[in-house]
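Spelled out from the first residue to the last, the chains are:
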Amino acid sequence: MAMATVHKWLTHFYDTKKCSNILVPLGSKGQQSMYFLHYHRPHHRCYLSMNGCREGQHQHARTRNNPVGTIETRTLAAVASPAMAMYSLNMAISELKSDALFGTSSGIVRLQVPIEEQVEAIDWLHSQNHLLLPRCFFFGRKQCSSPCCINGEEKLVSVAGVGSAVFFSQPHPFSYWDWISIRRFLSERCPLIRAYGAIRFNAKAKVSSEWLAFGSFYFMIPQVEFIELEGGSMLTITIAWDNDLSWSWENAINALQETLCKVSSSIVKFPKQTPPTLISSSQNIPSKVDWDLAVNRALQMIGQNDSLLTKVVLARSTRVVPTVDIDPLAWLSCLKVEGENAYQFLLQPPNAPAFIGNTPEQLFHRKCLHITSEALAGTRARGASQALDLQIELDLLTSPKDDIEFTIVRETIRRKLEAVCEKVVIKPEKMIRKLSRIQHLYSQLSGRLRSEEDEFEILSSLHPSPAVCGFPTEEAQLLIADAGESENGGVHYHTQSQHSVNSARHGPSPSHQRAPPSCDGQ
């Protein structure tokens, strides 16, 4: 599943590695770790919101080409604490009810209150843990080339959200019109109105039960959002309505007030570590025997003279049932501590399991017409000493097998970008990118789009990338689906280890075994 943070002015898509039904490689590239947890929160009444995607051609035709009538961000006076920010927002909502601006048939309005105190977004989200609401979390890596700034000054560190002003989800594969449905609610004038979500790795494959609530894709624009900045914080609310989608202004304001009544303004820091946990059962799917058969079958297919397949990324799932429920935020905080040069995320639809993860890979980043992407492939551990680390780095740089794997990824991305860009620049061609416990071959690609409307074509062509799927994509997906990975659901915790198999003939074709799963997220 490709995870994404989407808004019209600045777009990030980052790879979460392959998940035939969106599950995980743990301990693979760039400290990437993904988890899927069934975490039981207390039940409350059913949650209601507006789905911005409509089924059927007729419904799409009514909304897809019409931007919402009102898109606006209002900034209130800065306050000292989150509690004071909540008070300001509640007062502002009372005034909004009589605002003539909201006589329009559709719109999205964001109210934000700067907070002088710096509070971690993950602590704020943990303080709302009793709510049975959709929630999300996003932490941007420190190496991001274009960090988002607030008013040109303070840099955004992380974002947490509860409730959805509008969500976007359907069982059918993510389409251009679904993309347009999301972008209707986004604007360059309001760059912090963002949709956070995920898209399935292969929408045509059988979906396991734990992913049913996500559909083929799930995006949300939070109702209540807490932003952690480098020099402070910000609390925001967002109201979205559209009469054509049967969600009026009155529906939207009432739903927001109901959510705000449940949101706590008291922030309680929680330990950034997971408590000792016993495992009641653990199962690898497929088994070691079946896993070896799948790898050997991939090698045989690649070795056939008439085969188009040159690379495929196979994965196996580790299903662990702990003796007690584990709070996904506790796991997420471990990832945050361990991987500051990676993206951390949480996505949880209402009344559904939580999907959390950690990945260094950015599928693409767009700002206006400028677009960048990254090729990341080939993996080695870090050395215990500087001398050993340099020796391992040299081995990775000179490995023919890893060079083939990396070249497949980089050149595929280059061709995809060239189809929609005036010119594509690759710089550097190949270098080592070091993370805390592993290192990769890395390259950055950049170009200038001919049109902003090409963004969906880039997303649909780059995802899934050869780094997480294989090449050619269709052939690799067929083999992955045939392997029957992660078809059964209903478990508490998922991880995946991964093999990348490519067409190098110089030695053992399966790449080295990735680092084994560990509870600290790496």
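Residues numbered from 1 in each chain as written. Predicted model: local features only at pLDDT ≥ 70, side-chain atom pairs only at ≥ 80, totals over all residues. Heavy atoms only, no water.

If you look the chain up in an unreviewed UniProt entry, it shows as isochorismate synthase from Glycine max. Quoted verbatim from the Sequence similarities (unreviewed entry) heading of the UniProt record, the comment on the chain is "Belongs to the isochorismate synthase family." UniProt, in its Catalytic activity (unreviewed entry) section for the chain, records the words "chorismate = isochorismate". (UniProt positions renumbered as here; feature names shortened; annotations may be inferred.)

Q: I keep staring at the overall build of the chain and nothing clicks. Help me out?
A: In terms of regular secondary structure, the chain is built from 11 helices and 22 strands. Burial status across the chain gives 59% buried among its 522 residues. Relative to all contacts within the chain whose residues are 6 or more apart in sequence, the contacts with residues 24 or more apart total 80%. When the accessible surface of the chain is totalled, it reaches about 19,900 Å², and 53% of it is carbon and sulfur. (Helix = DSSP H or I, 4+ residues; strand = E, 2+ residues; numbered from the N terminus. Buried < 20%, exposed > 50% of the residue type's maximum accessible area, 1.4 Å probe, protein only. Contact = heavy atoms within 4.5 Å. Areas by Shrake-Rupley, 256 points an atom, 1.4 Å probe, with all protein chains shown as cover.)

Q: Any chance you could explain the side chain of Asp-123 here in plain terms?
A: Structurally, the position occupied by Asp-123 is in helix H3 (residues 121–127). The contact partners of Asp-123, leaving out residues within four places of it in the chain, are Ile-267, Val-268, Lys-269, Phe-270 and Lys-272.

Q: Help me understand the packing of helix H2 (residues 82–96) against helix H5 (residues 249–262), please; the structure alone is not making it clear to me.
A: The axes of two packed helices give the description: the angle between them and the distance between them. Remark: H2 packs on H5, axes separated minimally by 12 Å, with the N-to-C direction vectors making an angle of 160°. When the axis of H2 is compared with that of H5, the two are roughly antiparallel. Once H2 is placed against H5, the crossing between them reads as left-handed. Together, Met-86, Asn-90, Ile-93 and Leu-96 of H2 and Trp-249, Ile-253, Leu-256, Gln-257 and Leu-260 of H5 make up the contact between the two elements. (Axes fitted to C-alpha atoms, helices over the stretch in contact; angles between N-to-C directions. Parallel < 35°, antiparallel > 145°, perpendicular 65-115°, else oblique. Left-handed = near helix turned anticlockwise from the far one by under 90°.)

Q: It is not clear to me how the pairing of strand E11 (residues 232–242) should be interpreted in this structure. Could you clarify?
A: Note on strand geometry: in a regular strand, side chains alternate between the two faces of the sheet. Most of E11 sits out of view: 11 of its 11 residues are buried. Burial along E11 is two-sided: Gly-232, Met-234, Thr-236, Thr-238, Ala-240 and Asp-242 and Ser-233, Leu-235, Ile-237, Ile-239 and Trp-241, pointing in opposite directions, are all buried. Relative to E11, strand E5 (residues 106–115) runs antiparallel, the two sharing 10 bridges. Counterpart to Val-109 in the pairing with E11 is Ile-239. Relative to E11, strand E10 (residues 217–229) runs antiparallel, the two being bridged by 6 bridges. Looking at E11, one finds that Ile-227 is bridged to Met-234. Where E10 folds back onto E11 in an antiparallel hairpin, the turn is made up of 2 residues. (Pairing = 2+ DSSP bridges.)

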